[in-house]
Each structure stands twice: as C-alpha cells, then as structure tokens.
Amino acid sequence: MNCSVVRKRLSRWLDGELEAEATRRLETHLATCAACARRARQLRAVSRLVSELPALPAPESLAASALDRLDMTRRPALGFLFRSFSSARPFILPSLVPATLVVVTVLAGVLSFDSGPLPEVHLAPDGAWGATPALGTEGNPVFPSDGIDLPRETTSVQLPTDALGGNGSVFLEQLVARDGSVADVTLLEGDATDTASLVSALRQQKFEPVRYRGRPVAVSVYRLISRMEVRSPRT
Amino acid sequence: MGAGEIPLEVEALAGPARDRELVARCRGGDTAAFASLVSLHEHMVFNLAARLLGDGEEARDVAQEVFLQVYRRLGRFEGRSSLKTWIYRIVVNQCHNRRRFWHRHGRDREDPLDERLLPPKPPGSRLPGPYEQACAHERARTVQRALLALSFPQRSVLVLREVEGLSCEEVAAALGIPDGTVKSRLSRAREALRQRLFGLLEEGDPS
C-alpha cells in the first residue's frame, strides 16, 4: 500500500470503517512511514478538536420566542385559546427541567467521550508492540484527559515574547516524550516573527514524565502562548 | 389545559414511543406538547445552527424558524426516522438557505460566537483558571474559523459526525444522501481542516 492510497483511507480508518485486511495493511504502512503516521495523528487531532468544541447553550428566551412566533401564526383562528400563551413566561420555568436534562446529557456525553476508550481501537493490545506505534509512545501520544494529567514543568524557560507576531499569540501542539523532554513542537495558528527561537525555547522545556496505568506515556499538549504569559494585561 | 402545564409523562418515555406521543399530541393542537418538544430539542437546534453559521444571532433566528417549520410539517412526519434525525435535516436545510440568502445579499460577515460560555472540561479535576479558559476560548475560535472555511456540505457532514456524534449511517439518514457520499465528504472535510489547522507544520517543521 503506497502513501497516496493510505492517505485516502485514513478518514475511514479513523472511523473504523475499513475491513480487517485493509486495516492491517494500512497500519503496517503507518508503522514504517513517519510522514503518513504524522498525518494520521493530525487527522485524529482534527476530529478531536471539532468534537471538543464547547456546547453552546440555547439562549434562555429561545423557547419562549419560538412559541410566541407560533402563537402569532395561529392567532387568527385560535388566538383566544392561547391568549395566556402570548406572554409565554410560564413556560420558562417548567422548560428548565428538560433543558437541564439536555445540558446534563450533553455534558455527560462530552465527559464520557473524554474518558472513554481513545479511538485507537485497531491498535495492538498493551505490551504487544505491534505494527502501529503503541498508544502512549511518541508516535502515538495520548491527550490529557480524566486519567492523564497535564505534564508538570520541571525546567522552565524564558519564552522570547518578542518572537510573537502581530496579534501576540500562537496556538501550538507540544509533544512531551516519555522521558519528560519535548519531542516535537508544532505551530498550529498565529504568526511568529521568529518561529525558530520560540520553537527552540519550547523544546528546551522539561516536564515530569506523565504516567498512565503505571507506564510513562508521551502526551500531546495544546497550548496557547501569548504576551499575557509574561506581561501584565493591557491597560 | 393551562398554559403552565407540561406533559412531563411524555418526557419520561424514551425514543420512538416518546416521539410518537409528542407528535400525536402536537398534531392534535396540544401547545404544551409542542412546548415540550421545543425544550427537548432547542439546545441541539441552536448549537447545530450556531456551528453551521458561525453566528449566534442568526442561529437564534434560524432556531425559531426551525421550530415553526417543525410545527407546520409535523403532519408529514412519517416516523421512519427518529424525530431528532428529522429535525437535524430541517436545521441543516434552514442554515443552507440562510447562507444562500447571505450570499445573494453580499453579506460575508459573521459575529463570532461567544465561546466562553461552556469551556470544555479541563484536564484533571481542577477548576479552569482564567488562563485555561482563555486557551479553550481561543482554541474554539480557531476551530470554528477553520470550520467556516469549509464548503457548506462538508461542514454539515463534519459537524453532524463530530459535534453531534452521529454515525456515518445516521448522518446519511439525516441529510438524505448516500452513505458513500457522507464518507467521502467526511474525508475531504477532515483533510481540508487538517491543512488549515496544521498547514503551518509542514513549512515550519524542523525535522
């Protein structure tokens, strides 16, 4: 299986939609091709970033105004039946009950997504170092979540804030290796006038190795670096 | 029935049974049943519209329009899909119409969503500090901007799949398009988003 075929199939692979044989061949390729493995990691991060968008709760007045509009469209015929409805206020309190249920369900869904099994369902089981980089190694890092803490910094570095460009912030991914060193820094968004010095400063950071189920694991951390970090807020 | 009464016993039912009961009551002119239908789905409707349009005010408008449509078309709801799946489709169609309207009227501006309302759960059990909140806020804005750069069909497939958590089959049912189309759109949408969010990587990559 060559790179272009693999890349076309990555999305289906992430969804678990590939057949067993195709899955095996794709994972064999990922184990040997760093570029495709990186791309797979980025696609997984994309899915994760979208699915982690915060739930935007409906404005409180939404139900009331929807009912108001319905009421208006019906008024010519049945208005007298729904007069008390035009205020619609009485519906706000009772509707909070199901609304809360919905919010709780959504939150529970989000949380369980977070703590549930990571989507790497095709990976070899713990200990069997199969075709795909094992979960928690640098090739396939975990994300901070319920059982996995954010790595704690042991060697801090002075970040060159002058390197930050126009809007003064960059969004990046920092890959903390199993030994607590920084294996990779990926600039995701924002402009830096001096990317090299920012990246090299971030690469010198050291962290306490993160452990998961007793084993040190590589962790991928998303960070927003801004002038806020060293300067007082704008006045 | 008085204005304040909500048929809570309907909400205790689950799935198809609840849908059938709610739909039957709404068709019979039971406004309280409709209020209960609205409150069951308003968060999904608003959230989906907000993610598809990238604009909170417009999403609110569309959400109201969606519920009017739901009410008017309930007579045509056949119960072959779940009520929720049926509503997904109305939301996506309304948002699509709204975007076409913007396009015709030369509107290309969005009021960015207020992402600060519900930041994602922070790692560990600590409460999010202002810094974490700012990060989550900035991240959500970045992702939402990238989403808006996708074509509408790609965006709707991706949002239904990743935000609403539907399976590919459910997305196909909600949009009334073939399964294979969902998968190829999903693949292209993810790749486009990857290039947008990680595009900097390839250039600035030291390795």
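Note that the structure is a prediction, hence the values are computed from the model and not measured. (Residues numbered from 1 in each chain as written. Chains lettered and ligands numbered in written order. Predicted model: local features only at pLDDT ≥ 70, side-chain atom pairs only at ≥ 80, totals over all residues.)

**Observations regarding the overall build of chain B**
A tally of helices and strands in chain B yields nine helices and zero strands. Contacts in chain B between residues at least 24 apart in sequence constitute 64% of all its contacts with a sequence separation of at least 6. (Helix = DSSP H or I, 4+ residues; strand = E, 2+ residues; numbered from the N terminus. Contact = placed C-beta atoms within 7 Å.)

**Focus on the overall build of chain A**
Of regular secondary structure, chain A possesses six helices and seven strands. Going from the N terminus to the C terminus, chain A shows its helices and strands as α-α-α-α-α-β-β-β-α-β-β-β-β. For chain A, with 235 residues in total, the buried portion stands at 31%. Contacts in chain A between residues at least 24 apart in sequence constitute 66% of all its contacts with a sequence separation of at least 6. (Buried ≥ 20, exposed ≤ 12 C-beta atoms within 10 Å, placed from the backbone.)

**Looking at the confidence of the model for chain B**
All names here are of chain B. When pLDDT is averaged across chain B, the result is 80; 77% of the residues are at 70 or more. Here helix α1 (residues 8–12) stands out as the element of chain B with the lowest mean pLDDT, 53, in contrast to helix α7 (residues 152–163), whose mean of 96 is the highest. Low pLDDT, under 50, characterises residues 116–120; the stretch is placed with 17 contacts to residues that sit more than four places away or in other chains. Under a pLDDT of 50 for its full length, residues 201–207 has, in the predicted model, five contacts with residues more than four places off or in other chains. We note a pTM of 0.61 for the whole complex and an ipTM of 0.82 for its interfaces. (pLDDT = per-residue confidence, 0-100.)

**With respect to the nonpolar core**
Ranked by internal contacts, the top residues of the largest apolar core, which has 95 residues, are Val-38, Val-45, Phe-46, Ala-49, Ala-63 and Val-91 of chain B. A per-element tally of this core places helix α3 (residues 31–53) of chain B first, with 15 residues. Those residues within four positions of Ala-63 of chain B in sequence are excluded, and the remaining contacts are Ala-58 and Leu-62 of chain A together with Glu-42, Val-45, Phe-46 and Ala-49 of chain B. (Core = buried A, V, L, I, M, F, W, Y, C linked by C-beta atoms within 7 Å.)

**Describing helix α2 (residues 20–32) of chain A**
Residues and elements named next belong to chain A. The terminal C-alpha atoms of α2, which comprises 13 residues, lie 19 Å apart, in line with the 18 Å expected from a rise of 1.5 Å per residue. Every buried residue belonging to α2 is among Leu-26, Glu-27, His-29 and Leu-30, and all of these are buried. Taken around the axis of α2, the buried residues stretch over an arc of 155°, which confines them to a single face. Away from its buried face by more than 90 degrees, α2 exposes Ala-20, Glu-21 and Thr-32. Looking at the buried residues of α2, the elements they touch are α1 (3–14) and α3 (34–51). (Expected span 1.5 Å × (residues − 1). Arc of directions from axis to C-beta.)

**What about the packing of α3 of chain A against α7 of chain B?**
For any two helices packed against each other, the geometry is given by the interaxial angle and the distance between the axes. It is the contact of α3 of chain A with α7 of chain B, at a shortest axis distance of 8 Å, that shows an interaxial angle of 80°. If you check the angle between α3 of chain A and α7 of chain B, you find them roughly perpendicular. In this structure, α3 of chain A uses Ser-47, Val-50 and Ser-51 of chain A to contact α7 of chain B, whose residues at the interface are Leu-158, Glu-162 and Val-163 of chain B. Along the lines of polarity and charge, the residues of the contact of α3 of chain A with α7 of chain B split into three nonpolar, two polar and one charged. (Axes fitted to C-alpha atoms, helices over the stretch in contact; angles between N-to-C directions. Parallel < 35°, antiparallel > 145°, perpendicular 65-115°, else oblique. Nonpolar A, V, L, I, M, F, W, Y, C, P; charged D, E, K, R; others polar.)

**Some thoughts on helix α2 (residues 15–27) of chain B**
Residues and elements named next belong to chain B. For α2, with 13 residues, the first-to-last C-alpha span of 18 Å sits near the 18 Å given by 1.5 Å per residue. Listed as buried for α2 are Asp-19, Leu-22, Val-23 and Cys-26. Angular distribution of buried residues about the axis of α2 spans 95°; they occupy a single face of the element. Downstream of α2 by a residue or two, Gly-29 has a phi angle that is positive, lying close to 85°.

**As for the pairing of strand β3 (residues 182–189) of chain A**
All names here are of chain A. Buried residues dominate β3, accounting for seven of its eight residues. Summarising the sheet, strand β2 (residues 169–176) and β3 pair through six bridges and their orientation is antiparallel. Paired with Leu-172 across the strands is Leu-187, a residue of β3. (Pairing = 2+ DSSP bridges.)

**Considering the confidence of the model for chain A**
Residues and elements named next belong to chain A. For chain A, per-residue confidence averages 76 on the pLDDT scale, and residues scoring 70 or more make up 74% of the total. Every residue in residues 78–88 is under pLDDT 50, and counting partners more than four places away or in other chains gives 13 contacts. Overall, residues 118–130 carries pLDDT values under 50, and its contacts beyond four positions in sequence, including any with other chains, amount to 18 contacts.

**Comments concerning the environment of Ser-156 of chain A**
All names here are of chain A. With respect to the secondary-structure elements, Ser-156 resides in the loop between β1 (153–155) and β2. Since 9 C-beta atoms lie within 10 Å of it, Ser-156 is described here as exposed. On a C-alpha basis, the gap between Ser-156 and Gln-204 in space is 8.2 Å, while along the polypeptide they are 48 residues apart.

**Here's the deal with the environment of Leu-164 of chain A**
In this structure, Leu-164 of chain A sits in the loop between β1 and β2. Sequence-wise, Leu-164 of chain A and Leu-198 of chain A are 34 residues apart; in three dimensions their C-alpha atoms are separated by 8.2 Å.

**A look at the pairing of β2 of chain A**
In terms of residue burial, β2 of chain A counts as a mostly covered element, since seven of its eight residues are buried. What sits between the antiparallel neighbours β2 of chain A and β3 of chain A is a turn of five residues, in which Gly-180 of chain A has the positive phi angle 90°.

**Re the packing of α3 of chain B against helix α4 (residues 56–73) of chain B**
Residues and elements named next belong to chain B. Viewed as axis vectors pointing N to C, α3 and α4 meet at an angle of 140°, and their least axial separation amounts to 8 Å. Taken together, the axes of α3 and α4 lie oblique to each other. Crossing geometry of α3 relative to α4 is assigned as right-handed. Two secondary-structure elements touch here, α3 through Phe-34, Val-38, Glu-42, Val-45, Phe-46, Ala-49, Ala-50 and Leu-53 and α4 through Gly-56, Glu-58, Ala-59, Arg-60, Val-62, Ala-63, Val-66, Phe-67 and Tyr-71. A per-class count over the contact of α3 with α4 returns 13 nonpolar, one polar and three charged. (Left-handed = near helix turned anticlockwise from the far one by under 90°.)

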